[in-house]
Amino acid sequence: MLKQHLQLKLGQKLAPQQIQLMKLIQLHTLEFEEELERELEENPALEIVKEDSKEDDYSSLEDAYQDEGTESIETDFDVNEYLYDDEPSYKTASSNYSPDDEEFDNESLLTEGQSLYDYLMEQIHLINISEEDLKIAEYIIGNLDTDGYLRREIKSIVDDLAFSQGIYTTKEKVDDILENYVQKLDPPGVGARGLQECLLLQIEKKVSSDKAVSLAANILRHQFDALTNKHYNKIIQKYDIEEEDLKDALEEISKLSPKVGGNFDTQTITINQEIIPDFVIQVKDGQVIPMLNSKNAPTLRVSEEYKDILTTYSHDKNSSEHKQAALFIKQKLDAAKWYIDAINQRQNTLLQTITAIVKFQKDYFITGDEKSLKPMILKDVADITGFDISTISRVVKSKYADTPNGIVYLKDLFSDSLTNDDGEEVSTKEIKTHLQEVIDKENKRKPLTDDALVVILKEQGYNIARRTIAKYREQLNIPVARLRKEL
């Protein structure tokens with residue numbers, strides 16, 4: 001039986017504007033530029049202000065920072081007021097330039113290139129081969145990954161050829177075409193089904209009369225496991241050779257490429273992985289000055305033309321068509337106002353966050369020494385700025401800063417703390433730096449075990465457990481002692 005009853009419930013829902021603002025905050029510079037372009041295309045009430053000078057727009061930010069020291073910079077707007085019709089003109093324009101814009105010239109991020117697939121297809125069509133075998137070879141080439149490997153099982157390719165191409169063949173036939181046609185193409189090593197086969201295909205292309213090359217081929221063919229595990233003594237005993245002979249063979253192996261497709265593009269267009277920093281940090285007279293790099297972020301404003309059109313349509317209250325048009329224009333104008341405020345909010349949030357980080361890590365930005373990094377977590381920055389921890393997390397996500405000591409990934413500035421023997425809190429980043437230095441200086445013939453590293457770091461005042469050493473070593477992409485061994 002149905003019953004009616006009253007129930008009180010508390011809940012929180014994010015408005016679409018708040019969701020959009022959070023999205024804007026976490027975008028890095030290139031994504032932000034793309035988002036701006038998209039919004040300009042979708043909202044005709046939003047337009048770019050053509051200005052001759054960019055310097056004046058930014059100077060106020062730098063002056064404000066110098067006047068306030070490292071205090072947060074306040075803004076004079078509230079995003080929730082974006083619907084008001086009587087907003088002053090200064091709230092409907094956004095200036096996003098900084099003086100460093102000239103340092104980042106308009107460089108093309110797109111370069112022409114040939115894909116590995118196209119390169120191999122050109123070669124296979126120059127070979128005298130039957131039509132059916134050519135189709136099989138083409139299908140094999142189409143299944144190679146970007147590194148040039150054939151990761152799929154031959155049986156799966158045989159099945160696919162039958163179902164999708166109408167070509168009924170055998171596993172032996174596909175193997176034969178792979179080994180005698182595809183793997184003979186350039187670059188050497190293409191079409192391999194694993195690392196060992198890839199290296200062997202390359203070494204076999206070299207002059208076999210050379211002693212070091214012959215030994216390298218034998219090691220790759222028969223002692224691959226011993227090689228990958230760096231059991232050098234086992235290899236020396238197996239072939240009854242001198243240590244110098246093994247060194248020469250290892251040098252030949254080191255010249256081989258594990259990813260022969262790495263020099264080719266997966267598409268005909270390659271996007272250069274160029275980092276555009278989101279922040280610029282300068283050091284002047286002992287002062288660390290953070291700035292926003294807002295390259296290609298134009299000064300925006302609400303279209304005066306659309307305001308005039310709205311006024312015209314609003315005067316005609318008798319026409320339903322004019323009412324609909326006025327409503328549409330009003331929505332676009334309101335969206336433009338809010339978007340400009342959201343961008344200002346974003347810029348303010350980013351600037352306050354980087355200002356707090358600079359305040360916390362001032363010594364590091366001046367010296368550039370990672371040992372100067374202080375333990376810092378998201379909560380520390382949140383406490384200074386007054387923002388929520390989730391907001392700080394979005395700000396530092398995927399963002400970089402151009403500093404006097406190079407480009408720095410913001411997340412690398414954050415680390416937990418440990419207490420040393422003197423009772424001082426030190427950053428885990430500092431400990432990792434010491435760990436890296438110790439391993440760099442070790443005798444590579446007898447690399448230090450994790451237990452030995454524990455003893456050395458303890459002597460330096462860092463009382464760390466072995467499992468912690470192993471964790472830090474893995475985070476630094478440093479292999480275990482056995483795999484660091486060299487002759």
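Everything quoted here is computed from the prediction, not taken from an experiment.

Definitions and limits used
- Residues numbered from 1 in each chain as written.
- Predicted model: local features only at pLDDT ≥ 70, side-chain atom pairs only at ≥ 80, totals over all residues.
- Heavy atoms only, no water.
- Core = buried A, V, L, I, M, F, W, Y, C linked by side-chain atoms within 4.5 Å.
- Buried < 20%, exposed > 50% of the residue type's maximum accessible area, 1.4 Å probe, protein only.
- Helix = DSSP H or I, 4+ residues; strand = E, 2+ residues; numbered from the N terminus.
- Contact = heavy atoms within 4.5 Å.
- Phe/Tyr/Trp six-rings, centres within 6.5 Å; stacked < 30°, edge-to-face > 60°.
- Lys NZ or Arg CZ within 6 Å of the ring centre and 35° of its normal.
- Pairing = 2+ DSSP bridges.
- Axes fitted to C-alpha atoms, helices over the stretch in contact; angles between N-to-C directions.

J.: Explain the nonpolar core here, please?
T.: As a rule of thumb, soluble globular proteins bury nonpolar side chains together. With 45 residues, the main nonpolar core has F279, I354, I357, F365 and L413 as its most contacted residues. In terms of residue count, helix α14 (residues 320–360) provides more of this core than any other element does, 15 residues in total. The residues contacting I354, other than those within four sequence positions of it, are F279, I281, P290 and L410. Core analysis: the next-biggest nonpolar cluster, separate from the first, contains 29 residues, M121, I136, I157 and L161 among them.

J.: I tried to follow the packing of aromatic side chains on my own but got confused; where do I start?
T.: Remark: the centre distance and the inter-plane angle together describe each pair of aromatic rings, the angle taken between the planes. Applying the stated rule across the entire model yields three aromatic pairs. When the centroid spacing of 5.0 Å and the interplanar angle of 35° are considered together, the rings of Y400 and Y409 count as tilted. Judged by its relative accessible area of 23%, Y400 is partly exposed. In this structure, R151 is placed above the aromatic ring of Y149, and the distance from its NZ or CZ to the ring centre is 4.2 Å. The lysine or arginine in question, R346, covers the ring of F32, its NZ or CZ lying 3.8 Å from the ring centre.

J.: What's the story with the sheet that holds strand β5 (residues 279–284) in this structure? I'm lost.
T.: Adjacent strands of a sheet form backbone hydrogen bonds with each other and so pair up, either parallel or antiparallel. With respect to topology, four strands assemble into an open sheet ordered β6-β5-β8-β9, the strand pairing being mixed. Each edge of the sheet is formed by a strand with only one pairing partner; in this case those strands are β6 (287–292) and β9 (406–409). Pairwise comparison of adjacent strand axes, ignoring direction, gives a mean angle of 25° for this sheet. In this structure, β5 lies alongside strand β8 (residues 400–403), joined through two bridges in parallel fashion. Counterpart to F279 in the pairing with β8 is A401.

J.: Hey, could you run me through unusual backbone geometry in this one?
T.: Among all residues except glycine, the phi angle is most often negative; among peptide bonds, the trans geometry is most common. In this chain, D186 is followed by P187 through a cis amide linkage whose omega measures 5°. Looking at the element boundaries, P187 is found in the loop between α7 (171–180) and α8 (195–203). Of note, the phi angle at D240 is positive, near 50°, even though the residue is not glycine. The exposure class of D240 is exposed, given its relative accessible area of 72%. With a phi angle near 60°, S398 is a residue other than glycine that sits in the positive phi range. Tracing the backbone through its elements, the reader meets S398 in the loop between α17 (389–396) and β8.

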